[in-house]
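Structural description and commentary
Here are the chains, one letter per residue:
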Amino acid sequence: MTTASQQLKQSLSLLAANQNHMAERFIAEFEFAERLTAAHPDRAASWNELLQRAAKCVADVVSAGRSDQVETAVLKAEQILAPIGEVAKTYTAHCVGHAHIDMNWMWSWAETVATTNDTFTTVLKLMEEFPEFRFSQSQASVYALMQEYNPELFEQIQRRVKEGRWEITAAHWVEGEKNIVSGESLARHLLYTRRYIQENFGIKPADQPIDWEPDTFGHAFTVPGIDTRGGVKYYYMCRPGFENRYDMPLFWWQGQDGSRVLVFLDASWYNDHIGTHRTAWLLDYCQKTKLRDWLYVYGIGDHGGGPTRRDLLRCRDMNGWPIYPSFKFSTAKAYFETIAKQLPDDLPVVNKELNFEFTGCYTTQTLIKKINRYSENYMVEAETAASIGWRVLKKNYPADKLRAAWIDTLFNHFHDILPGSGVRATRDYTHGLFQKIAAATSMIKTQTYRALASRVDTSWGGLSSLPQARQPAPQTPELASVAFGGGIGRDTSFGALSPAGHVADGPRPYVVFNPTAWDRQEVVKVSVWDAHTGSQAGDLNSKRFIVRTPDRRVLPAQKIGSGDYWGHQYVDLAFPAQTKSLGYAAYVVEEGSPAKAQGWTPYVAEDADFPTYEGGAKCSTGYRGAERQPLGPITLENEFLFVEFDRASGGISKLIEKKTGVNLASSDKPTAVLEYVLERPRIMSAWLLNDAKLTICPVQWETFEGQEQGPYIASVGGTLKLNDSTMSMTFSLKAGQPWLEISLKVLWLERGTKETGIPTLRLKMPLALSDAKARYEIPFGSIAREQNQGEEVPGLRWADVSGAPSPLTPAGTEAGATAGCALLNDCKYGHSLDGSTLRLTLIRSSYDPDILPEIGEHQMRMALAPHGAVGPASVPAGLTPADLTRMGAAFNQPLQVVPTDVHKGTLPKQAELLSCEPGNVLVSSIKKAEDERALIVRLYETSGEATTAKVSLNAGLWGAISGAEEVDLLEKPLAKSTAKASKGGFRVSVPAYGIASVKVRFEK
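Residues numbered from 1 in each chain as written. Predicted model: local features only at pLDDT ≥ 70, side-chain atom pairs only at ≥ 80, totals over all residues. Heavy atoms only, no water.

1. Examining the overall build of the chain
If you tally the helices and strands in the chain, you get 18 helices and 49 strands. When each of the 1004 residues of the chain is scored for burial, the buried share is 60%. Residue pairs in contact within the chain that sit at least 24 positions apart in sequence constitute 73% of those at least 6 positions apart. (Helix = DSSP H or I, 4+ residues; strand = E, 2+ residues; numbered from the N terminus. Buried < 20%, exposed > 50% of the residue type's maximum accessible area, 1.4 Å probe, protein only. Contact = heavy atoms within 4.5 Å.)

Okay, here's the thing in structure tokens:
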């Protein structure tokens, strides 16, 4: 810029400040012409001459103080610059008006409704005044709330949509979190949003190919693969997570399965007004992309608001400036379709996750995150149960209830709700939605499982006079007795199935359901209510119980608790159960001892293919006698693991996988200890982490001792004290399960403040490994990350750390061997790896915008699953991503136990309903199709190997299959289906790291 130009601009700026419109106009035009000249070096010589002449033309008037002649001088200067103006007009700003409406961020639901109503009222009034104005709005949730609370305004929106002036950019129910939700949740955002928009606005998915996510705090690697299967081609974002983010404002984002979406990365942000201040961004974008069309998103407010009259007048005005880009009212789809025809061949391809943003949001508001995990689990379980009820029991499928519960679940994914960056009113509303979700899904599962149990033959339970198999009708009234048990207040408060026993005293059958599509053998818990008869009538604590298994064995039941609830006595029992893939098995509990059983195979038959559980899980308390004299270490052991605890810290000093002898812990750095960190204060404490100013590790135990002794559950644990907070922590081994479970209950009274800092509780796991690397579960997949210096990263149900075994590994391990340990959890998301130490953040007391997000009771479960060294061919190579995912799913979705009575039945005592092979392919969900009497089975591949999956369905229960068709996530047929049906199932091709959905039809 020359000195003369600078002087001219200074003089014009004074005029512009005095509302001289022509002065402001010429400043903007002149600056743009200068930038345009720099962008076209081949024309720089001639254009610079024009710039000097134009500058002199206006400068002469300004320097002479003839402000009344400025307009004439500007018009003359614009004529001089006309050759530059011809090129300037080939650059176009596609102005897309929108409103960023945060769903329950800093306000209540009532205010969200009011804000949406006011914003849309303004937009509709502007449309009456400005016929050329176009408006784009995302989030199906805002339309649904208008439909409910202001149906007249909703009808006006429908008319504007039909005219083509109101664009719906909603592919998801909300602009949501995309790191700490399940893959199935992302699929349901697409399904239910697309259906809602088509039902209410007549817009087909192909007519709305955009995923609009301006403020989402990071994007999982698998999102392109999910989005493209839901009709998405284009992606709008502002937060990509990587450094030098705006060097690539337009790029192909390639997902883990090779699918691609075209991403516009908005460097000028989504929350702005129309003005001259953004033309520099336009030219920068055009130079980097080799295009001349730029997306200009405008509309003020996180609290709604949107475009203003000033914006629209400004757009009209600036479009008429001759030495300036074209400004055009447009839509997002029109913009993407424009540039899609002219993309350069060398457009960058980004082949990774787009993280990390606001890493504190992986852990803030832990109870919101817990209800999200439980909601996602419950929804899939309820759909599976409802599908079984529909096909096997001929019950009506509760489609409306499931859809409503899914929509509540999806709403809670909003990017200021699930990440925890909202106020208390946000938290309260979210918890209320979860109570509805839990009630709906619990009742669907309860009714289906009880009806199915009433059809299962339990006549082998031992009564001489048996009722006939019951039809799918309410329980018969003659069963009413004190033996029912209330169940209220026990286990059901968070949406679990009720343990109430609706049977009379005597043999008590329990049907164990497996909600996952692979074989399971695990220890289950049952509650026996009001056992007032028998040899020791009324004395529940002194009674002994046995378990009859479907394969004619008799096992002793392990008593793990008892009590009295409002006059109802109960005893809790544990025993090992085995179920086939997505199947069930009936067990019978009754008084007695295996040694006195008549007509049954003795305890643990030699020919049984089920593991021997005699002493299968045991605890050595490390003490002797009433004086509790120390005698050796405190240990837990089952057929898979040997665990030794450090008395001082309560941590694990030995964690040995018995098959290989690999020890993942050490006595100098015990693992699985609690760590308290007080972060230094900082702004945006809900969003951002800070350094520690105080660390206490390990948190000290008040008591630590043996608890359960086996044979099926062995446990140690005790209580801990931290400032004003109290905790109880239990380590458990169960027979037949290859992980060590950690249960933690916390009364958390630690408050974060801007003066003191942010109290945080973590599980710390030093592992005896070197060169450690971590892999984490992400939606519909997993990812290995390089971060190993304590960075907080997101993961779903599991994280796995592998590396070279330490010297504690047995001699003879081959060079290059690896070992590792998986950490499972039921409600946490924030992990970090520091060298070979894995941490899981459990509670974090941020203080803004919610001043008390964590005060109260917390319950959580984790588990450690060590895996051994790779060496000789006889030694397994550890856990695959599919193995880890199955373990994570099993840990989150325990076997479901439903009491019934002894009766004859039309269904066998055990059965498999559905299975899938090979092992690298997993079943994600099973549901009834939305629009026809067919079943949708969704699969995904975990190991990066394109696979033909074989799914078997029990035709005797589901019915004979008449056809199978591959569909997308919207349940619409693919152009080319790879699914092939047989009477007992189907085969389908599943891409590497990809998804396959199959619609299965039945003969009747």
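2. Here's the deal with the pattern of salt bridges
Using the criterion set out here, one finds 50 salt bridges in the structure. Between Glu78 and Arg25 there is a salt bridge whose closest N-O contact spans 2.8 Å. Residue Glu78 is located in helix H4 (residues 70–80), and its partner Arg25 is located in helix H2 (residues 21–39); the two are separated by 53 residues in the primary sequence. For Glu930, the salt bridge goes to Lys927, with nearest N and O atoms at 2.9 Å. Of the residues examined, Lys927 reaches a relative accessible area of 0% and is grouped as buried. Among the charged side chains, a network of salt bridges with common partners joins Arg195, Glu199, Arg403, Lys927, Glu930, Asp931, Glu971 and Lys972. (Salt bridge = Lys/Arg side-chain N within 4 Å of Asp/Glu carboxyl O.)

3. Focus: the packing of aromatic side chains
Each aromatic ring pair is summarised here by two numbers: the centre-to-centre distance and the angle between the ring planes. Overall, the coordinates contain 43 aromatic pairs when judged by the stated rule. Taking 6.5 Å as the distance between ring centres and 55° as the angle between the ring planes, the aromatic pair formed by Phe133 and Phe135 counts as tilted. The class of Phe133 is buried, set by a relative accessible area of 0%. Given a relative accessible area of 0%, Phe135 falls into the buried group. Measuring from centroid to centroid gives 5.5 Å for Tyr235 and Trp253, while their planes differ by 75°, and the two rings are edge-to-face. In this pair, Tyr235 sits in strand E5 (residues 234–237) while Trp253 sits in strand E6 (residues 250–254), placing the two residues 18 residues apart along the sequence. Considered together, Tyr235 and Trp253 belong to a single accessibility category, that of buried residues. Taken together, the ring pairs in this structure connect Phe120, Phe133, Phe135, Tyr143, Phe154, Trp166, Phe201 and Phe329 into an aromatic cluster. Of note, Arg391 hangs over the ring of Phe1002, and the distance from its end group to the ring centre comes to 4.0 Å. (Phe/Tyr/Trp six-rings, centres within 6.5 Å; stacked < 30°, edge-to-face > 60°. Lys NZ or Arg CZ within 6 Å of the ring centre and 35° of its normal.)

4. Describing the pairing of E5
Burial along E5 is two-sided: Tyr234 and Tyr236 facing one way and Tyr235 and Met237 facing the other are all buried. Two strands pair when backbone bridges link them, and strand E4 (residues 210–213) and E5 are joined in this way by four bridges, in the parallel orientation. The partner of Ile210 across the bridge, within E5, is Tyr234. Handedness of the crossover joining E4 and E5 through helix H10 (residues 223–228): right-handed. By the bridge criterion, four bridges tie E5 to strand E7 (residues 260–265) in an arrangement that is parallel. Pairing of Met237 across the sheet is with Leu265, part of E7. (Pairing = 2+ DSSP bridges. Right-handed = clockwise from strand over helix to strand, strands pointing away.)

5. Structural notes on the sheet that holds E6
Spatially, the five strands line up as an open sheet ordered E4-E5-E7-E6-E10, and their pairing is mixed. At either margin of the open sheet sits one strand with a lone partner, and together these are E4 and strand E10 (349–350).

6. A look at a nonpolar patch on the surface
A cluster of nonpolar side chains, namely Leu747, Leu749, Ile851, Leu852 and Ile855, defines an oily patch on the protein surface of about 390 Å² accessible area. Structurally, Leu747 is set in strand E30 (residues 740–748). In this structure Leu747 comes out as partly exposed when scored by relative accessible area, which is 36%. (Patch = residues over 30% accessible without salt bridge, like charges linked within 9 Å, V, L, I, M, F, W, Y side chains within 5 Å. Areas by Shrake-Rupley, 256 points an atom, 1.4 Å probe, with all protein chains shown as cover.)

7. Description of the packing of helix H7 (residues 140–149) against helix H8 (residues 151–163)
Where H7 meets H8, the closest approach of the two axes is 6 Å, and the angle between their N-to-C directions is 130°. On the basis of their axis angle, the class for H7 and H8 is oblique. Here Tyr143, Met146, Gln147, Glu148 and Tyr149 of H7 come into contact with H8, specifically with Pro151, Leu153, Phe154 and Ile157. For the contact of H7 with H8, the per-class residue count stands at seven nonpolar, one polar and one charged. (Axes fitted to C-alpha atoms, helices over the stretch in contact; angles between N-to-C directions. Parallel < 35°, antiparallel > 145°, perpendicular 65-115°, else oblique. Nonpolar A, V, L, I, M, F, W, Y, C, P; charged D, E, K, R; others polar.)

8. Description of the pairing of strand E33 (residues 781–785)
Most of E33 is tucked away: four of the five residues are buried. As judged from the five bridges shared by strand E32 (residues 769–778) and E33, these two strands associate in the antiparallel manner. Note on E33: the bridge partner recorded for Tyr776 is Ile783. Hairpin remark: E32 followed by E33, antiparallel, with two residues in the connecting loop; positive phi at Phe780, about 55°.

9. So, the sheet that holds strand E45 (residues 947–953)
With respect to topology, four strands assemble into an open sheet ordered E42-E45-E48-E47, the strand pairing being antiparallel. On the outer flanks of this sheet lie strand E42 (914–917) and strand E47 (980–982), each paired with one strand and no other. Mean inter-strand twist for the sheet, computed between neighbouring axes without regard to direction, equals 20°. Alignment of E45 against strand E48 (residues 985–990), held across six bridges, turns out to be antiparallel. For Ala949, the partnering residue across the bridge sits in E48 and is Val988.

10. With respect to the packing of helix H14 (residues 366–392) against helix H16 (residues 424–455)
Their axes nearest at 8 Å, the elements H14 and H16 cross at an angle of 25°. Relative to H16, the element H14 lies roughly parallel. At the point where H14 passes H16, the crossing takes the left-handed sense. When grouped by side-chain class, the residues that make up the contact of H14 with H16 number 17 nonpolar, six polar and three charged. (Left-handed = near helix turned anticlockwise from the far one by under 90°.)

11. Comments concerning the state of the cysteines
Evaluated as defined, the whole model comprises zero disulfides. With no disulfide of its own, Cys315 lies 3.9 Å from the sulfur of Cys95, the closest cysteine sulfur. We classify Cys315 as buried; its relative accessible area is 1%. (Disulfide = S-S within 2.5 Å.)

12. Looking at unusual backbone geometry
In terms of backbone geometry, most residues other than glycine have negative phi values and most peptide bonds are trans. That bond from Asp848 to Pro849 is cis: its omega, 10°, falls within 30 degrees of zero. Along the chain, Pro849 falls in the loop between strand E38 (837–844) and strand E39 (856–867). Residue Pro918 follows Glu917 across a cis peptide bond; omega there is 0°. On the secondary structure map, Pro918 appears in the loop between E42 and strand E43 (921–928). Phi at Trp269 is positive, roughly 75°, even though this residue is not glycine. Locating Trp269 in the fold gives a position in the loop between E7 and helix H11 (279–289).

13. Side note on the confidence of the model for the chain
Detailed conclusions should not be drawn from predicted coordinates in areas where pLDDT is low. Confidence in the prediction of the chain, expressed as mean pLDDT, is 90, and 88% of residues score 70 or more. Confidence over residues 470–489 falls short of pLDDT 50; this stretch has 46 contacts with residues more than four positions distant or in other chains. Confidence drops under a pLDDT of 50 for residues 872–876, and excluding neighbours within four residues, the segment shows seven contacts in the predicted structure. (pLDDT = per-residue confidence, 0-100.)

14. Topic: the environment of Val746
With respect to the helices, strands and loops of the structure, Val746 is situated in strand E30. Separated by 113 residues in sequence, Val746 and Gln859 have C-alpha atoms that sit 6.4 Å apart. If near-sequence neighbours (up to four positions away) are discounted, Val746 is found in contact with Thr726, Met727, Leu761, Ile843, Gly856, Glu857, His858 and Met860.

15. Details of the nonpolar core
One broad trend across soluble globular proteins is that nonpolar side chains are buried collectively. Counting residues in hydrophobic clusters, the biggest one holds 189 residues, and the most contacted among them are Phe133, Tyr143, Trp166, Phe201, Leu914, Leu939 and Phe986. If you tally residues by element for this core, the top one is helix H3 (residues 44–63), at nine residues. By size, the runner-up hydrophobic cluster in this structure holds 85 residues, among which are Tyr510, Phe704, Leu763 and Leu840. (Core = buried A, V, L, I, M, F, W, Y, C linked by side-chain atoms within 4.5 Å.)

16. Observations regarding the side chain of Asn179
Positionally, Asn179 belongs in the loop between strand E3 (166–168) and helix H9 (183–201). Of the residues examined, Asn179 reaches a relative accessible area of 3% and is grouped as buried. With residues near it in sequence (within four places) discarded, Asn179 still touches Phe217, Gly218, His219, Ala220, Asn355, Tyr362, Pro779, Pro794 and Leu796.

17. Quick notes on helix H15 (residues 399–411)
Here H15 is 13 residues long and its end C-alpha atoms lie 18 Å apart, about the 18 Å a rise of 1.5 Å per residue gives. Looking only at H15, the buried set comprises Leu402, Arg403, Ala405, Trp406, Ile407, Asp408, Thr409, Leu410 and Phe411. Looking at the buried residues of H15, the elements they touch are helix H6 (109–129), H7, H9, H14 and H16. (Expected span 1.5 Å × (residues − 1).)

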